[in-house]
Amino acid sequence: MSQTITETQVETDKIPATLILKNPVQTTPDEYKYSNLLPHFSQDTYPPLTPFSHSDPGLRALDHPDPRTFLRNATSVVELTPRLGTEVHGVNLATLDSDGRDQLALEVARRGLVVFRDQHEFIDRGPEFYKQWGSHFGRLHIHPTSGHPEGFPEIHLVYRDANSTFNFEISDSITSTVWHTDVSYELQPPGLTTFFLLSQPETGGDTLFTSQVSTLKKLSAPFVAFLRTLSAVHSGVEQANFSRSGKRGGIVRREPVENIHPVVRKHPVTGEEALYVNRQFTRRIVGLKKEESENILKFLYDHIDKSGDNQARLKWQPGTVAVWDNRVTAHSAIVDYGDSKERRHGARITPQAERPIPALEGLKLD
Ligand SMILES: [Fe+2]
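Residues numbered from 1 in each chain as written. Predicted model: local features only at pLDDT ≥ 70, side-chain atom pairs only at ≥ 80, totals over all residues.

Caption draft 1: Geometry of the overall build of the protein chain. Assigned secondary structure in the protein chain consists of nine helices and 20 strands. Counting across all 366 residues of the protein chain, residues that qualify as buried make up 43%. Summarising the internal contacts of the protein chain: among those between residues at least 6 apart in sequence, 81% fall at separations of at least 24. (Helix = DSSP H or I, 4+ residues; strand = E, 2+ residues; numbered from the N terminus. Buried ≥ 20, exposed ≤ 12 C-beta atoms within 10 Å, placed from the backbone. Contact = placed C-beta atoms within 7 Å.)

Caption draft 2: Inspection of the sheet that holds strand 11 (residues 258-262) at higher detail. Spatial ordering of the open sheet is given by 11-10-14, a layout of three strands whose pairing is antiparallel. One side of each edge strand has no neighbouring strand; the edge strands of this open sheet are strand 11 and strand 14 (282-285). Within this sheet the neighbouring strands show an average axis-to-axis angle of 30°, counted without direction. (Pairing = 2+ DSSP bridges. Axes fitted to C-alpha atoms, helices over the stretch in contact; angles between N-to-C directions.)

Caption draft 3: Representation of the nonpolar core in the model. One finds Ala105, Val108, Leu113, Ala322 and Val323 to be the most contacted residues of the largest nonpolar core, which totals 63 residues. When sequence neighbours within four positions are dropped, the list of residues in contact with valine 323 reads Leu104, Val108, Val114, Leu192 and Thr194. (Core = buried A, V, L, I, M, F, W, Y, C linked by C-beta atoms within 7 Å.)

Caption draft 4: Molecular detail of the environment of alanine 359. Examined against the element boundaries, alanine 359 turns out to sit in the segment after strand 20 (357-358). The buried category is assigned to alanine 359, around which 24 C-beta atoms lie within 10 Å. In this structure the C-alpha to C-alpha distance between alanine 359 and proline 262, which are 97 residues apart in sequence, comes to 7.7 Å. With residues near it in sequence (within four places) discarded, alanine 359 still touches Arg228, Pro262, Val264, Arg265, Lys266 and Glu273.

Take a look at the structure:
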């Protein structure tokens, strides 16, 4: 059962009253086609997430004689880079059946990112459809702090316009680039993830992606062998504190958690190993001295940051739907359009997957 935070409780968390408006986005509803999907900051609170068993839909596609059948009617299938990403034209995601969705899960696991253009039907089907779509791939994650369409907490929104921003943005940094995988602090972080823009600036607001399979492969065998023996703490505390400081809607609906994940995880379908640390949520390596942990993490973050040969940059177009696998990729927003005051409004469907499988069998994770 969820309970409602009273205004008094919120004030004890020192959030200015001006930031706890029910819907602070300043838009006249009928001026905007997707006004029903504007961020809403309900005062609901949620209990801790509970473990669940996840069987990846991509596993079912492994037995298929041709698991790329869902791309049969595509007019174009182009690899964005050799190591990451495929761009598809001519496939209507909205009409993919269960078998096609299983194949999609396998393809995304293999390519890390698959970008589908001209998906207006998918986007216009609305939030009930988004939930039905995402539920095929896992239990839908409800974000503890973000805005969501009213009545649909399972849909995570990013939003920025001339008057407001409801993103996790660090304003005193020299860059908006923050590589991460989504909500990696959860015990069972997301797998296949779907994201699209409902409104976008004329130019800018691209998204960067990188292959964490490739970042791992660049490292030497003895160093990878060492990394496989390590686990790290991922924390949602700072993200919650960001909201508690009054930013991004000012709401924390579920108490933040910390969880320990392997530094090298294994994908349940492809068996590929991927580096699983990120600057946004990973805090320390378990069992190492502070300086050892800090230096190894800094080295790995720097490696992720500067390895352009593992990365792809997605330029959004109206109707683009991106599907990525959060287990084997990392990504970063690019906030280079702020001066234009244009609206950027995106929606994410975030099914949770298995607890990360350590590449080293039997690795202790507590
Ligand atoms: Fe993200």
